[in-house]
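# Coordinate analysis (summary)
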Amino acid sequence: MTGAKRKKKSVPWSKMHVPHCEDIKTWWRRRIPILEWAQHYDLKENLLPDTVSGIMLAVQQVTQGLAFAVLSSVHPVFGLYGSLFPAIIYAIFGMGRHVATGTFALTSLISANAVERLVPQSSQNLTTESNNSVLGLSEFEMQRIGVAAAVSFLGGVIQLAMFVLQLGSATFLVTEPVISAMTTGAATHVVTSQVKYLLGMKMPYISGPLGFFYIYAYVFENIKSVRLEALLLSLLSIVVLVLVKELNEQFKRKIKVVLPVDLVLIVAASFACYCTNMEHTYGLAVVGHIPKGIPPPKAPPMNILSAVITEAFGVALVGYVASLALAQGSAKKFKYSVDDNQEFLAHGLSNVISSFFFCIPSAAAMGRTAGLYSTGARTQVACLISCVFVLIVIYAVGPLFYWLPTCVLASIIVVGLKGMLIQFRDLKKYWNVDKIDWGIWISTYIFTICFAANVGLLFGVVCTIAIVIGRFPRAKTVNIKNMKEMEFKIKTEMEGETLQQVKIISVNNPLVFLNAKKFHTDLMNFIQKENTSNQPLDDINKCEQNMLLNSLTNGNCNDEPAQPCQNEKCSLILDCSGLTFFDYSGVSILVEVYMDCKNRSVDVALANCTASLVKAMQYCGNLDLEKPIFFESVSAAISTIHSSKNISKLSDHSEV
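Residues numbered from 1 in each chain as written. Predicted model: local features only at pLDDT ≥ 70, side-chain atom pairs only at ≥ 80, totals over all residues. Heavy atoms only, no water.

## With respect to the overall build of the protein chain
For the protein chain, the count of helices and strands is 29 helices and seven strands. Among the 656 residues that make up the protein chain, the fraction classed as buried is 53%. A separation of at least 24 residues holds for 85% of the contacts in the protein chain among residues at least 6 apart in sequence. For the protein chain, the exposed surface amounts to about 31000 Å²; the carbon and sulfur share of it is 62%. (Helix = DSSP H or I, 4+ residues; strand = E, 2+ residues; numbered from the N terminus. Buried < 20%, exposed > 50% of the residue type's maximum accessible area, 1.4 Å probe, protein only. Contact = heavy atoms within 4.5 Å. Areas by Shrake-Rupley, 256 points an atom, 1.4 Å probe, with all protein chains shown as cover.)

## Side note on the pairing of strand S4 (residues 570–575)
Burial analysis of S4 places six of its six residues in the buried class, which makes it a mostly covered element. A two-sided burial pattern is seen for S4, the buried positions comprising Cys570, Leu572 and Leu574 on one face and Ser571, Ile573 and Asp575 on the other. Two elements, strand S3 (residues 502–506) and S4, share five bridges in a ladder whose sense is parallel. Paired with isoleucine 504 across the two strands is isoleucine 573, which belongs to S4. Taken together, the six bridges between S4 and strand S5 (residues 602–607) define a ladder with parallel strand orientation. Looking across to S5, one finds that aspartate 575 is bridged to alanine 607. (Pairing = 2+ DSSP bridges.)

## Focus: the packing of helix H7 (residues 105–118) against helix H15 (residues 309–334)
For any two helices packed against each other, the geometry is given by the interaxial angle and the distance between the axes. Running from N to C, H7 and H15 cross one another at 175 degrees; their axes reach a closest spacing of 9 Å. Judged by the angle between their axes, H7 and H15 are roughly antiparallel. Contact with H7, carried on its side by Leu106, Thr107, Ile110, Asn113, Ala114 and Arg117, involves Glu311, Gly314, Val315, Val318 and Gly319 of H15 and no other residues of that element. Taken together, the residues of the contact of H7 with H15 sort by class into five nonpolar, four polar and two charged. (Axes fitted to C-alpha atoms, helices over the stretch in contact; angles between N-to-C directions. Parallel < 35°, antiparallel > 145°, perpendicular 65-115°, else oblique. Nonpolar A, V, L, I, M, F, W, Y, C, P; charged D, E, K, R; others polar.)

## Points about the environment of leucine 199
Checked against the element boundaries, leucine 199 lands in helix H10 (residues 195–199). Exposure remark for leucine 199: the relative accessible area of 15% places this residue in the buried category. In the structure, leucine 199 is positioned 28 residues away from arginine 227 in sequence and 6.0 Å away in space, judged by C-alpha atoms. Beyond its immediate chain neighbours, meaning those up to four positions away, leucine 199 contacts Val219, Val226, Arg227, Ala230 and Leu231.

## Some thoughts on the layout of surface pockets
Taken as a whole, the second largest pocket encloses approximately 1200 Å³ of empty space. Lining the second largest pocket are 36 residues; nearest its centre among them are Gln121, Gln124, Tyr197, Ala285 and Val286. When contributions to the lining of the second largest pocket are tallied by element, the ones reaching two or more residues are helix H8 (139–164), H10 and helix H19 (406–416). A per-element tally of the lining of the second largest pocket places H8 first, with three residues. (1 Å grid on protein atoms, 1.4 Å probe; cavity = no way out; pocket = protein on both sides within 12 Å on 5 of 7 lines; lining within 4 Å. Points joined across faces, edges and corners; volume = space filled by probe spheres on them.)

## Some thoughts on the packing of aromatic side chains
Scanning all chains against the criterion turns up 18 aromatic pairs. Taking 6.0 Å as the distance between ring centres and 70 degrees as the angle between the ring planes, the aromatic pair formed by phenylalanine 78 and tyrosine 81 counts as edge-to-face. A residue pair is termed a helical-turn pair when its members lie 3 or 4 positions apart in one helix, as phenylalanine 78 and tyrosine 81 do in helix H5 (residues 77–82) at three residues. For phenylalanine 78, a relative accessible area of 0% corresponds to the buried category. Residue classification places tyrosine 81 among the buried residues on the basis of a relative accessible area of 0%. Ring geometry for phenylalanine 447 versus phenylalanine 459: centroids 3.8 Å apart, planes at 5 degrees, classification stacked. Separated by 12 residues along the polypeptide, phenylalanine 447 in helix H22 (residues 435–450) and phenylalanine 459 in helix H23 (residues 453–471) bring together distant segments of the chain. On the basis of relative accessibility, which here comes to 30%, the residue phenylalanine 447 falls in the partly exposed class. The rings of Phe78, Tyr81 and Phe358 are connected pair by pair, giving a single aromatic cluster. Positioned above the aromatic ring of tyrosine 373 is the side chain of lysine 333, whose terminal nitrogen or guanidinium carbon lies 5.5 Å from the ring centre. Looking at lysine 435, its charged tip hangs above the ring of tryptophan 431, at a distance of 4.8 Å from the centre. (Phe/Tyr/Trp six-rings, centres within 6.5 Å; stacked < 30°, edge-to-face > 60°. Lys NZ or Arg CZ within 6 Å of the ring centre and 35° of its normal.)

So, in structure tokens, the structure goes:
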């Protein structure tokens, strides 16, 4: 019996699946996207815009690298390394064509907590500068970058673990209001941390719960210690940066290359400080010595990993969420797809590998992505070209930044956060679309500034899920229609004619962040299937019964857009009588469905919409106001469609 069982369970080698060469190639191309897009790179069309974008990006990378290194409480030279290695690694493994990974304000602020806690400023007197150490820096500076590198290493390991566990599919739990509130609150924290540099004050490092308020309390208590010279130089720098960047934005269509005001300001401030000897005359703090070259790689100190696990989780989650939002935004803007799990791999490797080269934690930054948009970048080649110029700065130009005042760097940080800070304007949008999302934004922001970015992010996710769970029991999940009566009304009003290529789909569930992506995916697949197949009606109905628009799971829409209907222009009617409530994500998806269908030459009509849904959609998207979109009933929508064009046949009524 034992032998028989063994014989029964054994599988012949001939029947086992052996990976073919093509399968292996496909896997490598999926995990290393550069192997896919590099072979299709068009030199004539893309090289020039990518080169221009790369040069402008290098300016941002250098200035932000110096500034965010100071924010991370490490020597500025390590910010230059953080602008080089993560960008190269992400260009190889990442999928965002307009995402430039490097130093990031939020991750720098989080890692600074670990640096200041484990290597406080008071321990600087116990170490001396040694020419035998790496780059000739003091042991104090090397201990600090060791802590920051350990945070980067462990944060990257956490991201790689999330990639292995395929947790990218769970990112839909982090809604747009939560991301907006968290990043705005974290940007407020960063601005607060720069107050001491803007005012030229000497202030002890303050962090922890309510540290935001303690910092301003300390400033007001010691207002007499403000250096007027630093304050005036900071105000002048901020005014110049804001004014020139606004002018660049206004005239970007008329001028081919925008003025790199950050670089101009750094050069001008360094030259002025050198000529007037501001460091000794006025007591202004300057960046100081920046060594040349890149040291040999060294593993981060593993003995402190347990001490930085809190900051590592913050870096892994906050950095990934902020970066993924930018990658998805660029993918939506330029019509390509981004794999959430692959982004975990790309950012995890960027943090892990870079930690061996004395880099602080990295992520994508909104300012760099906006810069790539404005300069017309086409591919990740722009990031690789920027790395060449960053390398030149590291080996040749770096020492010239010795006289750069730290208050100017702080001004660059503050102005660079403008994109995050103006997200306060989103409050009006959320108030008009869904007041519950407005409340989530406010509460997440308060938690972020009172505690930390990772705490605010966690609170926002938990709060969003709890509210949706509380709303669903009151939702009407099944919309019962008398189909015979419906068909009778249609045939009567259409005078016995049948209609062709008109699809009526009933939405019978609330549309929120939990099922918004799945709704979009299934609806687009349904439209694509209907336009490309000639199945019998019975087969189509069977397929419709398997659609999961009522599912609370989520999915990624990675399908290529379907081709428009070649013979006739199709029409889609969404019966929203069962859509009992919605949030901002749901309204955004409905607007996206409308725009996608419009691009596919499919007319969309929404019937039985509530007044709040109509108002939210009109506020949230650029809808076509020339044609009526919202109707009181399905019959009214069909009458309008029939009167506007000749259609001869009704295809089906699909209830989802």
